[in-house]
Amino acid sequence: MKQVSLNNKTILVTGAAGFIGSNLVKRLLADTTGATIIGIDNVNDYYDVRLKDFRLEELRAIQASSSFTFVKGDIADKAAIDALFAEYKPAVVVNLAAQAGVRYSIQNPDAYIQSNLIGFYNILEACRHNPVEHLVYASSSSVYGANKKIPYSTDDKVDNPVSLYAATKKSNELLAHAYSKLYAIPSTGLRFFTVYGPAGRPDMAYFGFTNKLVKGETIEIFNYGNCKRDFTYVDDIVEGVVRIMQGAPESVPSAEGLPEAPYAVYNIGNSSPENLLTFVDTLQQELVRAGVLPADYDFEAHKRLVPMQPGDVAVTYADTSALERDFGFKPHTPLREGLRRFAEWYASFYQQ
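Residues numbered from 1 in each chain as written. Predicted model: local features only at pLDDT ≥ 70, side-chain atom pairs only at ≥ 80, totals over all residues. Heavy atoms only, no water.

1. Thoughts on the nonpolar core
- Ranked by size, the top nonpolar core spans 71 residues in total, and within it Leu24, Leu28, Phe192, Tyr206, Val241, Met245 and Phe279 carry the most contacts.
- Not counting the four nearest positions on each side in its chain, Val241 is found in contact with Leu24, Val94, Leu190, Phe192 and Ile268.
- Core analysis: the next-biggest nonpolar cluster, separate from the first, contains 21 residues, Ile40, Cys127, Val132 and Leu135 among them. (Core = buried A, V, L, I, M, F, W, Y, C linked by side-chain atoms within 4.5 Å. Buried < 20%, exposed > 50% of the residue type's maximum accessible area, 1.4 Å probe, protein only. Contact = heavy atoms within 4.5 Å.)

Okay, here's the thing in structure tokens:
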């Protein structure tokens, strides 16, 4: 593994107005010295744009020794990406821009092809034609599909996606491997497991449930509550990303003497799957504690158990042993602590 310093470097973060992207930029501004951080995002209306504006305003308000420049643009626009690389010449690239969500990929597949396939191809091509020390990109736990073996290991075969979203993320890993092999681009894919936290994505269960409960609507708990999710707090995700950015895979000779691709994939998850009913109960308690919902709220009257949805899986569970071995880190934020921070943020953002 080759050490990559982030100080005094130009770092490109795609999806910078997104949940993980904005938190990553915030962390880089706090922890790097003399870095130039370029963020790009198309700020689309897949969910409430006010959240994206809020995240960007937070970043613009930070005073740090490193600088942040935001560019509104789409990674699916090849000319825009080529121009961005030509102007800023990033040394480290973190591709977090993507169309996310399993269920939405059934409703609007075009968005996934544009952003996750064409957009990622544009990033790879730009890295091919510019000297990049390390490309880090978001994959997803969804690539494990209906794997029966748990916890999920990066050594497992992931050839059976159960959603278009998962298929595009597996495609990202395959494309990255080909470019790493052909053009010696050090690349690392990160399989994120159910990321949550303040100012997150409203299409995620914890946020969507909260919005519905506040409105007095009924929440639907899939697979009759018999699902388990490896919920990972956003700060843990960012810690993992920052560590991995600084350790680029190297090309080493194979058994046949030929160079292997400088390519790696890691899981970043809490390694502690929670039953959905337990998760909902904890969320309810924290929403009451934060004053988002009244103490006498009738939760039982506002939840309904329903069958599994197309594209969903019953369990997600990360094996993070490779992350621990190579980077000395394991996500650790307890679910209650993470949900408490979310509930307190929700109260301050929506109920001032």
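2. Structural notes on the packing of aromatic side chains
- Inspection of every chain in the model, using the stated rule, returns 31 aromatic pairs.
- A ring pair is formed by Phe120 and Tyr137, whose centres lie 5.1 Å apart and whose planes are at 50°; its orientation type is tilted. One end of the pair, Phe120, is in helix α5 (residues 109–128); the other, Tyr137, is in strand β6 (residues 134–140), and 17 residues separate them in sequence. By the burial criterion, Phe120 is buried, and Tyr137 matches it.
- Relative to Tyr350, the ring of Trp345 lies with its centre 5.9 Å away and its plane at 85°, an arrangement referred to as edge-to-face.
- Trp345 gets classed as buried once you look at its relative accessible area, which sits at 10%.
- Its relative accessible area of 28% is what places Tyr350 among the partly exposed residues.
- The ring of Tyr47 has Lys52 lying over it, and the distance from NZ or CZ to the ring centre is 4.6 Å. (Phe/Tyr/Trp six-rings, centres within 6.5 Å; stacked < 30°, edge-to-face > 60°. Helix = DSSP H or I, 4+ residues; strand = E, 2+ residues; numbered from the N terminus. Lys NZ or Arg CZ within 6 Å of the ring centre and 35° of its normal.)

3. What about the packing of α5 against helix α6 (residues 164–183)?
- Closest axis-to-axis distance for the α5/α6 pair is 10 Å, and the angle between their directions is 15°. By the angle between their axes, α5 is roughly parallel relative to α6. α6 is crossed by α5, and the crossing has right-handed handedness. Contacts between α5 and α6 involve Pro109, Tyr112, Ile113, Asn116, Leu117, Phe120, Tyr121, Leu124, Glu125 and Arg128 on the former and, on the latter, Leu164, Tyr165, Thr168, Lys169, Ser171, Asn172, Leu175, Ala176, Tyr179 and Tyr183.
- Each residue belonging to the contact of α5 with α6 can be placed in one class, and the counts come to 13 nonpolar, four polar and three charged. (Axes fitted to C-alpha atoms, helices over the stretch in contact; angles between N-to-C directions. Parallel < 35°, antiparallel > 145°, perpendicular 65-115°, else oblique. Left-handed = near helix turned anticlockwise from the far one by under 90°. Nonpolar A, V, L, I, M, F, W, Y, C, P; charged D, E, K, R; others polar.)

4. A closer look at the pattern of salt bridges
- Evaluated as defined, the whole model comprises 21 salt bridges.
- Glu173 is the salt-bridge partner of Arg191, the closest N and O atoms lying 2.7 Å from each other. Linking Arg191 in strand β7 (residues 187–192) with Glu173 in helix α6, this pair joins segments that are 18 residues apart in sequence.
- Arg191 gets classed as buried once you look at its relative accessible area, which sits at 3%.
- Where Glu286 meets Arg336, a salt bridge forms, and the shortest distance between an N and an O atom there is 2.9 Å. Residue Glu286 is found in helix α9 (residues 276–289), and its partner Arg336 is found in helix α11 (residues 335–350); the two are separated by 50 residues along the sequence.
- With relative accessibility at 35%, the residue Arg336 sits in the partly exposed group. (Salt bridge = Lys/Arg side-chain N within 4 Å of Asp/Glu carboxyl O.)

5. Topic: the environment of Glu220
- Checked against the element boundaries, Glu220 lands in strand β9 (residues 219–221).
- In this structure the C-alpha to C-alpha distance between Glu220 and Gly15, which are 205 residues apart in sequence, comes to 29 Å.
- In contact with Glu220, other than residues within four places in its own chain, are Phe209, Arg304 and Val306.
- Within polar-contact distance, the side chain of Glu220 engages the side chain of Arg304 at 2.4 Å. (Polar contact = N/O pair within 3.5 Å; in protein donor to acceptor, adjacent residues only side chain to side chain.)

6. Focus: unusual backbone geometry
- Here Ile150 and Pro151 are connected by a cis peptide whose omega angle stands at -5°.
- A positive phi angle, close to 35°, is found at Thr194, a residue other than glycine.
- The topology assignment puts Thr194 in the loop between β7 and β8 (195–196).
- Using a relative accessible area of 18% as the deciding quantity, one classes Thr194 as buried.
- Unlike most non-glycine residues, Ser271 shows phi in positive territory, near 55°.
- With respect to the helices and strands, the residue Ser271 is situated in the loop between β13 (263–268) and β14 (274–275).
- Take Ser271: its relative accessible area is 18%, and that puts it in the buried class.

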